Amino acid sequence: MDEQHKVTVDAQRAPVIEPGYTFGSVTEKISAIVLTRPASNGWFLGFGVAFTLTMMMLYAVGYLVLKGIGIWGVTIPIGWGFAIVNFVWWIGIGHAGTLISAILLLLRQSWRNAINRFAEAMTLFAVACAGIFPTIHVGRPWLAYWLFPYPSTMGVWPQFRSPLMWDVFAVSTYGTISLLFWFIGLIPDLATLRDRSENRLAKIIYGMLSMGWRGSARHWHRYETAYLLLAGLATPLVLSVHTVVSFDFAVGIVPGWHTTIFPPYFVAGAIYSGFAMVLMLAIPIRKIYGLEDFITERHLQNSAKVMLATGLIVAYGYGIEAFMGWYSGDRYDAFTMWNRLHGPYAPAYGALLICNIFIPQVLWIRKLRTNPIALFLVSGVILVGM
Amino acid sequence: MKRDPIYGMMAEFDTPVALIEAAKRTYQAGYKRIDTYTPFPVEGLAEEIGFHRDEVPLVVLIGGIVGGLTGYLMQYWMSAVAYPLNIGGKPYHSWPAFIVITFEMTILFAGISAVFGMLALNGLPMPYHPVFNVPRFTRASRDRFFLVVFSSDVKYDPAATRQFLESLDPRSVSEVPS
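For clarity, every value in this text was computed on a predicted model and none was experimentally measured.

## Examining the overall build of chain A
Reasoning step 1: Scanning chain A from terminus to terminus reveals 13 helices and 0 strands.
Reasoning step 2: Ordering the α and β elements of chain A from the N terminus gives α-α-α-α-α-α-α-α-α-α-α-α-α.
Reasoning step 3: Projected onto the principal axes, the alpha-carbon positions of chain A cover approximately 75 × 60 × 45 Å.
Reasoning step 4: Restricting to contacts in chain A with at least 6 residues of sequence separation, those with at least 24 account for 73%.

Written out as C-alpha cells, the structure reads:
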C-alpha cells in the first residue's frame, strides 16, 4: 500500500532525496538512528576525543583566569588579540546555520530540509563557543555580567555608544533566536520520536519535549506562520550580527581596520566559512550514518557553489582592503598593509590568501564539487585560512 | 462538569490528497467541529476545516513594536537621564548609536512572541489529549492522515457519523474515548 505513494522527485536535476522512499520509510530510517542504533566503539572514540579537547579547553580557561590575558601576549589593555580572532571566527561559523534555515526557507530552496536541523545545531554550538571569548577577554570574567544593563547598587549603567555593547545585544539576541528557531523546528520531530520509541522513559522525555504536539491542521497553520515569520526575522538578524561584529573594528580608529567595506565583507566571510563547516560535518555524518540518500550530491554541490560565490566576495574584500591602504593616502593605513605583506606576519597573510582565495577556486570544476573527499579537504583548507 | 465519555469519531487515510477531499466533504456535510492530523503540514487543509483566523502575525507585530520601544527608551533613559556620561563630547541622546540595539531588541521580542505566541494559541504544552487514546494514532506522526469529528458537534451522532465517515473510503474508522 505504502509503495503507491512514492515521494515525488524532480526529474530534471540531481534529486534532493534518492528515489524509492515513502513517507513511512524516510521516518523509519531517520528515527532508527536516534532510537535503535547502538553506540559503537567509533562513537565512544569520537566522544573520547571531544571530551579530552573540552577538558583541555577548561584547563586553558582556568589558567587564563588565574594568570590574566597576558598569557596570550596581549600587552595593551584595550587589545583583544587572540580572543577576538576566535570570537569572529566562531560567530562566522554559526552564520551558515541560520542562512540555511532562514534565508533558504524564504527563497523556497527545498533542498535545505535535509541539512537545516544539524546546521542549526551547529549554529547553537558555534554561538556558545563564540560567547566564551568576549567573556574571558575582559580579564575578570566573573564580572562579565557588568555588560548587561541591570539595576546595580553602584547606580551605573552601560555605555550604549560603544560597539562592545552593541555586540552584547546582537550576540545574545542571535543566540536566543537560534535556540528558538532550532527548537520550534524540532517539535514535530520530537513528536515523531515519541510515537516511535518503545522505551517508556524515552516516550515520557520525548513527550515532554514535544509538548503534546499532535499535528492538528490548526496547529500546523499557526506553526508554519510562526516559522516563516521567525525566518523573516532571523534573516536581517544574521546579517546584522556580523555587521555589528565588524563595527567592533570599523567604528574604532585603528589604521587598516577603519573602513566601510567591513560589514558586507564580514558577512560574506561568515557564510563562506560557515558552509565549509557544514560540509565538514555533513560529509562524515552522511557516510557514518548511511544518509547518502537524504544528504545527496545536490546538497554538496549547492553548498560548494555558495562557498565559491561568497569566497569571491571575500576575495574582493581583501582586494579593497589592500587598495584602500594605498588609495587613502594615509601613511599609517599604507604601512599596515605593507607590514601585512612584508612584516613579521607575512607568512600568515600569504597562507590566508592561498587558503581562502586560490585553493577554493578548484570548486569551479564540477567533478570536484561532487566528490565528498575533495570537498571535505577544500572545506578544511578554508576553515584553516579563515 | 462531567465529561462526555466519547471525544469523537476518527477516520484514517493513506494520503494527504485523500484527507483534503474527505475534510472538504465532511465540512460541506455540515460538520463544523472537526480537525485533521497529519505528520507534516498539508497546504490548504486548515482552510478546508474552516480555520481562517491566524493571530500569530498580530502577536509578532505587537512583540516587535514593544521590543523596539523598549530598546530605544531603555538606552535613552540610561544614557541621557539615569547616568549621563560625556563620551568624546557626543550628545547624551546620540540616537544614531542607539539604532543597533533598538533593532536587536525588536527582533528579540518579535521572535520570542512568534514562538511563545504560537504555542499559547495552539494550547501547547498539553501532555494529555484524547486523540492519543486511539492506538493507530501513533502513525499520525509517520505516514497516516487522520480526520476527527468531535462529539461536541451538533450534528454528531455515533451511528450516523460513523456511517458518513465510512462513506469517505477511509482505511479505518474508530471511536475516540476521552
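## Thoughts on the interface of chain A and chain B
Reasoning step 1: Residue-level contacts link 49 residues of chain A with 55 residues of chain B.
Reasoning step 2: When contributions to the side of chain A that touches chain B are tallied by element, the ones reaching two or more residues are α1 (23–35), α5 (163–196) and α7 (217–250) of chain A.
Reasoning step 3: Looking at the side of chain A that touches chain B, its residues break down into 26 nonpolar, 16 polar and 7 charged.

## Quick word on the confidence of the model for chain A
Residue and element names in this part refer to chain A.
Reasoning step 1: Per-chain confidence: chain A averages 80 in pLDDT, with 91% of residues scoring 70 or above.
Reasoning step 2: Mean pLDDT values over the elements of chain A span from 70, in α1, up to 89, in helix α2 (residues 41–67).
Reasoning step 3: Low pLDDT, under 50, characterises residues 1–12; the stretch is placed with 18 contacts to residues that sit more than four places away or in other chains.

## Topic: the confidence of the model for chain B
Reasoning step 1: Within chain B, residue pLDDT values average 83, and 98% of them lie at 70 or more.
Reasoning step 2: Element-level mean pLDDT values for chain B span from 77 in strand β4 (residues 172–177) of chain B up to 92 in helix α3 (residues 56–82) of chain B.

## Digging into unusual backbone geometry
Reasoning step 1: In this structure, Pro125(B) follows Leu124(B) across a cis peptide bond, with omega equal to 0 degrees.
Reasoning step 2: For Met211(A), which is not glycine, the phi dihedral falls at a positive 60 degrees.
Reasoning step 3: Positionally, Met211(A) belongs in the loop between α6 (200–210) and α7.
Reasoning step 4: Under the C-beta neighbour-count criterion, Met211(A) is labelled partly exposed, with 17 such atoms within 10 Å.

## Quick notes on the environment of Val251(A)
All names here are of chain A.
Reasoning step 1: Inspection of the secondary structure puts Val 251 in the loop between α7 and α8 (262–288).
Reasoning step 2: Residue classification places Val 251 among the partly exposed positions, given that 17 C-beta atoms sit within 10 Å.
Reasoning step 3: On a C-alpha basis, the gap between Val 251 and Pro 163 in space is 7.3 Å, while along the polypeptide they are 88 residues apart.

## Some thoughts on the domain arrangement of chain A
All names here are of chain A.
Reasoning step 1: The assigned domain composition of chain A is domain 1 (1–37), domain 2 (39–72), domain 3 (74–252) and domain 4 (255–386).
Reasoning step 2: Using only C-alpha atoms to locate each centre, domain 2 and domain 3 end up separated by 23 Å.
Reasoning step 3: On the domain 3 side, the residues contacting the 7 residues of domain 2 number 7 residues.
Reasoning step 4: Class assignment of the residues belonging to the side of domain 2 that touches domain 3 gives a composition of 5 nonpolar, 2 polar and no charged.

## Focus on the environment of Thr153(A)
Residues and elements named next belong to chain A.
Reasoning step 1: Mapped onto the elements of the fold, Thr 153 is located in the loop between α4 (116–137) and α5.
Reasoning step 2: Taking the number of C-beta atoms within 10 Å as the measure of exposure, Thr 153 has 5 and is therefore exposed.
Reasoning step 3: Spatially, the C-alpha atoms of Thr 153 and Ile 100 are 44 Å apart, while their sequence positions differ by 53 residues.

## Some remarks on the packing of α7(A) against α8(A)
All names here are of chain A.
Reasoning step 1: Orientation of α7 relative to α8, taken along the N-to-C sense of each, is 125 degrees, at an axis distance of 8 Å. As far as their axial angle goes, α8 and α7 are oblique. Between α7 and α8 lies a crossing whose hand is right-handed. For the pair formed by α7 and α8, the contact residues are Leu 239, His 242, Thr 243, Val 245, Ser 246, Phe 249 and Ala 250 on the first element and Phe 262, Pro 263, Phe 266, Val 267 and Ala 270 on the second.
Reasoning step 2: Taken together, the residues of the contact of α7 with α8 break down into 9 nonpolar, 3 polar and no charged.

## Notes on the sheet that holds β4(B)
All names here are of chain B.
Reasoning step 1: With respect to topology, 4 strands assemble into an open sheet ordered β2-β3-β1-β4, the strand pairing being antiparallel. Each edge of the open sheet is held by one strand with a lone partner, namely β2 (34–37) and β4. This sheet shows a mean twist of 25 degrees between the axes of neighbouring strands, independent of strand direction.
Reasoning step 2: Sheet topology note: the strand β1 (residues 6–13)/β4 ladder contains 6 bridges and is antiparallel. When the sheet's bridge partners are listed, Ala 11 is paired in β4 with Val 173.

## Considering the pairing of strand β3 (residues 145–150) of chain B
Residue and element names in this part refer to chain B.
Reasoning step 1: Of all 6 residues that make up β3, 6 are buried, and the element is covered over most of its length.
Reasoning step 2: Judged by which residues are buried, β3 turns out to be covered on both faces: Phe 145, Leu 147 and Val 149 on one side and Phe 146, Val 148 and Phe 150 on the other are all buried.
Reasoning step 3: Strand direction decides the pairing type here: β2 and β3, joined by 4 bridges, are antiparallel. Among the inter-strand pairings, Asp 35 is bridged to a residue of β3, identified as Val 148.

## Observations regarding the environment of Tyr59(A)
All names here are of chain A.
Reasoning step 1: Relative to the helices and strands, Tyr 59 is located in helix α2.
Reasoning step 2: For Tyr 59, a count of 10 C-beta atoms within 10 Å gives the class exposed.
Reasoning step 3: In this structure the C-alpha to C-alpha distance between Tyr 59 and Gly 70, which are 11 residues apart in sequence, comes to 16 Å.

About the thresholds
Residues numbered from 1 in each chain as written. Chains lettered and ligands numbered in written order. Predicted model: local features only at pLDDT ≥ 70, side-chain atom pairs only at ≥ 80, totals over all residues. Helix = DSSP H or I, 4+ residues; strand = E, 2+ residues; numbered from the N terminus. Contact = placed C-beta atoms within 7 Å. Nonpolar A, V, L, I, M, F, W, Y, C, P; charged D, E, K, R; others polar. pLDDT = per-residue confidence, 0-100. Buried ≥ 20, exposed ≤ 12 C-beta atoms within 10 Å, placed from the backbone. Domains from an automatic or database assignment. Axes fitted to C-alpha atoms, helices over the stretch in contact; angles between N-to-C directions. Parallel < 35°, antiparallel > 145°, perpendicular 65-115°, else oblique. Left-handed = near helix turned anticlockwise from the far one by under 90°. Pairing = 2+ DSSP bridges.

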